[in-house]
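Listed below are the residues making up each chain.
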Amino acid sequence: MIPNPISVSLQSAGGREISIETGKMARQADGAVVVRMGDCMILATVVASKEPKPGQSFFPLSVDYQEKFASAGRIPGSFFKREARLNDYEILTSRLIDRALRPLFPDDYLCEVQVLVTLISSDAEIMPDALACLAASAALAVSDIPIQEVISEVRVARINGEYVVNPTRTQLKDADINIIVAATEHNIMMVEGEGKEFEEAGLIKAIETGHDAIRGQIKLQHDLREKAGIAGKREYTKPYTNPELEAKVDAFGKDRIYAIAKGALGKHERTDAFKAVREDFKARFAEGELKAEDAALLGTYFHDLEKMVIRDMMLNEKVRLDGRTLEVVRPLTMEAGLLPSPHGCALFTRGETQSLTTVTLGTTDDELLLETAQTSDYLKFILHYNFPPFSTGEVKMMRGQSRREVGHGNLAMRSLKQMLPADYPYTVRVVSDILESNGSSSMATVCAGSLALMDAGVPFPKHVSGVAMGLIAKEGKFAVLTDILGDEDHLGDMDFKVTGTRDGICGIQMDIKCDGLSMEIMMQALEQAKRGRLHILEGMYACIPEARPDLKPHAPRIEQLNIDREFIGAVIGPGGKIIQEIQRETGAKINIEEVGEEGIIKIFSANKESIDKALNWIRSIVAIPEIGATYEGTVKSIMPFGAFVEFMPGKQGLLHISEVSWKRLDSLEGVLKEGDKVKIQLTGTDPKTGKLRLSRKVLMPKPEGYTEPEKRERREGGDDRRSGGGDRDRRGGGDRGRSNDRGPRDGGNREHRDGDRAPRPQHNEKKTEATEEHSAPQVSANDEADMAL
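Residues numbered from 1 in each chain as written. Predicted model: local features only at pLDDT ≥ 70, side-chain atom pairs only at ≥ 80, totals over all residues. Heavy atoms only, no water.

(A) Looking closely at a negative patch on the surface. There is a patch of like negative charges on the surface, built from Glu 269, Asp 272, Glu 352 and Glu 436. Here Glu 352 shows up in the loop between β12 (344–350) and β13 (353–362). (Patch = residues over 30% accessible without salt bridge, like charges linked within 9 Å, V, L, I, M, F, W, Y side chains within 5 Å. Areas by Shrake-Rupley, 256 points an atom, 1.4 Å probe, with all protein chains shown as cover. Salt bridge = Lys/Arg side-chain N within 4 Å of Asp/Glu carboxyl O. Lys, Arg positive; Asp, Glu negative; His and termini not counted. Charge placed at Lys NZ, Arg CZ, Asp CG, Glu CD. Helix = DSSP H or I, 4+ residues; strand = E, 2+ residues; numbered from the N terminus.)

Structure follows, in structure tokens:
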């Protein structure tokens, strides 16, 4: 236990400080540190058992990364309001740490080791996954657990042509390369990331940039270890070995294993043949002659012999287990659209690896919520990878997805999403079910996923393919293997997976296990991977050359409409009344989201007619009435002077009785009634009130011989009443008020306006029929209409 807190720090790229402190928290762990950058603080602890478990034959390392929601001042949203099982983001971060740490331990170290990395304080701009491995390695560095070297990890992004180490969240949005690099002082250990069709040379440059930054962090850990006074490593019990038995295994099995390796057998035949060699060797011993502890070693010794023989065969003869040369891709078969019900599907087979992949389209309600301590993101593109035990001919318990399945699915997802249009309105779920596996099932998922997306009619501009590669290096010689088998997966010094289009790389996952691998060799390996990737792409374009022009008939449809933000309330209506009515009447489902100054409306339905109806309804709500345009409206109310017609949702105008027909009408009885549909034209607005004026007769043919009525001249002062009005005013008495306040002289209209007021005396009742015909509608109805509007 370190008696007092000790800390070291350095200035990282961009002028930000990274500090590592030990001796203050978790002091009973074998090693514990707190790494800090900005407000981001990560606690890493490591504890190892003193002795291996009896019969332990593998290295039991467990790594868990978890984010405490309190680190960002949040309460978890789960039912129990506490952190539970690791989410996918935490599992992926744990895998990044695990893959980098595992090679640091000696091959004969079998004690159980547990590494726990916890985010205890969060920073809105700092990405904690890039610091988690530094914290884990530093915790090991200040312990006496026997690691061989210390390491670190950094994120490298290319932003506007410049390579940035550990960019902020904001900066990362503009990156076209985004990778995590793990390394020791001299060797690259792991690379994983994605990008927008970047070139191989750009990847090499990003790796070199990351390695330079890592060297500074490794020196920081050595300084911390020296300050803490950690001088040596603990002694540990090494597993039992029998060199004499190992020599016997080599002598007995070397030639037989070589013959099997050269036989170009299938996966199960080769496995059975190797097993038969072991059984023959065991049969040489009399019963009881082979001790139990020696019998347990046979599996290890034969595995090591198989690995050595096969590696030498590939390096010296350039021949592989299935008879292929180094660059040959296994036979390819592909089929799209083979299942009738899914929205898109494909079956991709490469050798003995096969993926059946389906695509399902959904709405924004189907988006996946991914919560971390600092963010709550909704994912529109989801990919799930399933690896059932029958795919390898095994019997295993089905207990949910493994970390391996999460990692393989994530690599495929990151690769395919580079080609998905950013404004695609659907939520897309891709599911890859591995039906057969003999190497590189994650790359089969990428290929099958690309085919299925194009089969679904998703506007994928280019196919994305992937290939798994291996590299074997020994004594200055090396061999790069294209499209590796499952048995070849663990033989190499570097295994890596590369995905991309014809124009560049979209995803990369690389694990390097040897020392001194030069960037030149790595570049050659990437160039060979490109040739393999392009070969697979040729087959994919032959299967389905481009995305289908339309969705499947049974697939749901989504239409997207962008409106000004001010119209969102009009579409929703008070208490959601309008949008609920639209959904009820059309059968469509509608989502509205406010983004900046716009409202984004997504209309979802499996029925195109339903979508069109809802789309037209919403367009009519947000449309601005246009003078001279023709509309179909609904009569809302009938008045003596005309009808009020709703021609857009929430927009009404007056259809004056004189604008209903070219024929003079005394009333609208028998002509229009409430609820009638009527075709009208917006002719203008009232100059006094700004209200909308409608006309029906302008859309009707003018009767033959029709003559326009004479226009009356306006009197001085703007009074357009008939001559003689002033005399009648004077004769009417002073109690009637000013002439401009008078109502119309027609008795029926006066009652509508004045209610219970007493009728006024009528003057000049001996009017001619012609005078009434031309005067009454133009004076009384127009004035009444103004007041009604």
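(B) The pattern of salt bridges, seen in detail. A complete count under the given rule lists 47 salt bridges for this structure. In this structure, Asp 223 engages Lys 219 in a salt bridge whose closest nitrogen and oxygen atoms are separated by 3.4 Å. With Asp 223 and Lys 219 both in helix α4 (residues 200–228), this residue pair falls four residues apart, about one helical turn. According to the relative accessible area criterion, Asp 223 is partly exposed, its value standing at 29%. When its relative accessible area of 54% is taken as the criterion, Lys 219 is described as exposed. For Asp 365, the salt bridge identified is with Lys 589, shortest N-O distance 2.8 Å. Of the two residues, Asp 365 is situated in the loop between β13 and β14 (368–371) and Lys 589 in strand β23 (residues 589–595); the sequence distance between them amounts to 224 residues. On the basis of relative accessibility, which here comes to 45%, the residue Asp 365 falls in the partly exposed class. Exposure remark for Lys 589: the relative accessible area of 34% places this residue in the partly exposed category. Through salt bridges with shared partners, a single ionic network connects Arg 99, Glu 192, Glu 194, Arg 414, Lys 417 and Asp 511. (Buried < 20%, exposed > 50% of the residue type's maximum accessible area, 1.4 Å probe, protein only.)

(C) Spotlight on unusual backbone geometry. One non-glycine residue, Lys 81, lies in positive phi territory at about 60°. Relative to the assigned elements, Lys 81 resides in the loop between β5 (61–67) and α1 (88–101). Here the phi dihedral of Asn 160 falls at roughly 55°; this positive angle occurs in a residue that is not glycine. Among the structural elements, Asn 160 can be located in the loop between β7 (152–159) and β8 (162–165). Overall, Asn 160 belongs to the exposed group, its relative accessible area being 73%.

(D) Examining the side chain of His 656 more closely. Here His 656 shows up in strand β27 (residues 651–656). Note on His 656: relative accessible area 7%, which makes it buried.

(E) Quick peek at the packing of helix α12 (residues 577–586) against helix α13 (residues 608–622). The geometry of α12 relative to α13 is characterised by a closest axis approach of 9 Å and an angle of 150° between their N-to-C directions. Judged by the angle between their axes, α12 and α13 are roughly antiparallel. Relative to α13, the crossing made by α12 is right-handed. For the pair formed by α12 and α13, the contact residues are Ile 578, Glu 581, Ile 582, Glu 585 and Thr 586 on the first element and Ser 610, Lys 613, Ala 614, Trp 617, Ile 618 and Ile 621 on the second. Class assignment for the residues of the contact of α12 with α13 results in six nonpolar, two polar and three charged. (Axes fitted to C-alpha atoms, helices over the stretch in contact; angles between N-to-C directions. Parallel < 35°, antiparallel > 145°, perpendicular 65-115°, else oblique. Left-handed = near helix turned anticlockwise from the far one by under 90°. Contact = heavy atoms within 4.5 Å. Nonpolar A, V, L, I, M, F, W, Y, C, P; charged D, E, K, R; others polar.)

(F) How the structure looks around the sheet that holds strand β17 (residues 427–436). As summarised here, the arrangement of the five strands in space is β11-β12-β13-β17-β16, forming an open sheet in which the pairing is mixed. The open sheet has two edge strands, β11 (332–336) and β16 (381–386), and neither has a second partner. Taken pair by pair, the neighbouring strands of this sheet meet at an average axis angle of 15°, ignoring direction. Judged from the nine bridges that link them, β13 and β17 form a sheet pairing that is antiparallel. Counterpart to Val 359 in the pairing with β17 is Val 430. (Pairing = 2+ DSSP bridges.)

(G) Fine view of the nonpolar core. Formed by 159 residues in total, the largest nonpolar core has its most connected members in Phe 105 and Ile 179. With residues near it in sequence (within four places) discarded, Ile 179 still touches Val 154, Arg 155, Val 156, Val 191, Glu 192, Gly 193, Glu 194, Leu 203, Ala 206, Ile 207 and Ile 508. (Core = buried A, V, L, I, M, F, W, Y, C linked by side-chain atoms within 4.5 Å.)

(H) Region of the structure containing helix α2 (residues 129–141). Its 13 residues give α2 an end-to-end C-alpha distance of 19 Å, which sits within 8% of 18 Å, the value for a rise of 1.5 Å per residue. Most of α2 sits inside the fold, with 13 of its 13 residues counted as buried. (Expected span 1.5 Å × (residues − 1).)

(I) Broad picture of the environment of Lys 613. Note on placement: Lys 613 falls in helix α13. Given a relative accessible area of 44%, Lys 613 falls into the partly exposed group. C-alpha of Lys 613 to C-alpha of Thr 586: the two residues are 27 residues apart in sequence and 6.4 Å apart in space. Discounting residues that sit within four places of it in the chain, Lys 613 has contacts with Glu 585 and Thr 586.

(J) The arrangement of the packing of aromatic side chains in detail. Summed over all chains, the structure comprises 13 aromatic pairs. A centroid spacing of 6.0 Å and a plane angle of 10° characterise the contact between Phe 105 and Tyr 109, whose relative ring orientation is stacked. In this structure Phe 105 comes out as buried when scored by relative accessible area, which is 3%. Where Phe 641 meets Phe 644, the ring centres are 6.2 Å apart and the plane angle is 90°; that geometry is what we call edge-to-face. Owing to a relative accessible area of 1%, Phe 641 belongs among the buried residues under this scheme. One aromatic cluster in this structure is built from Phe 59, Phe 105, Tyr 109 and Tyr 236. It is Arg 404 that lies over the ring of Phe 387; its NZ or CZ is 4.2 Å from the centre. Over the ring of Tyr 541 we find Arg 502, and its NZ or CZ is 3.9 Å from the ring centre. (Phe/Tyr/Trp six-rings, centres within 6.5 Å; stacked < 30°, edge-to-face > 60°. Lys NZ or Arg CZ within 6 Å of the ring centre and 35° of its normal.)

(K) Representation of helix α5 (residues 243–261) in the model. When the local axis directions of α5 are compared, the greatest deviation, roughly 45°, occurs at Gly 253. Taken as a whole, α5 has its buried residues at Leu 245, Val 249, Phe 252, Gly 253, Ile 257, Ile 260 and Ala 261. (Bend = angle between axes of the 7 residues up to and from the residue.)

(L) Structural view of the packing of α1 against α2. Between α1 and α2, whose axes approach to 10 Å, the crossing angle comes to 45°. The angle between α1 and α2 falls in the class oblique. Of the two elements, α1 crosses α2, and the hand of that crossing is right-handed. Across the interface between the two elements, Tyr 89, Thr 93, Ile 97, Ala 100 and Leu 101 from α1 touch Asp 129, Ala 132, Cys 133, Ala 136, Ser 137 and Leu 140 from α2. Considering only residue class, the contact of α1 with α2 consists of eight nonpolar, two polar and one charged.

(M) Layout of the sheet that holds β27. Within the closed barrel, the five strands sit side by side as β25-β26-β27-β29-β28. Their pairing is mixed. Strand after strand, the sheet turns through a mean of 50° between neighbouring axes, direction not considered. Of the strand pairs in this sheet, strand β25 (residues 630–639) and strand β28 (residues 677–685) are connected by five bridges, and their pairing is antiparallel. Paired with Tyr 631 across the two strands is Ile 680, which belongs to β28.

(N) Main features of the confidence of the model for the protein chain. For the protein chain, per-residue confidence averages 87 on the pLDDT scale, and 89% of positions sit at 70 or higher. Counted against residues more than four places away or in other chains, residues 716–789, with its pLDDT under 50, gives 85 contacts. (pLDDT = per-residue confidence, 0-100.)

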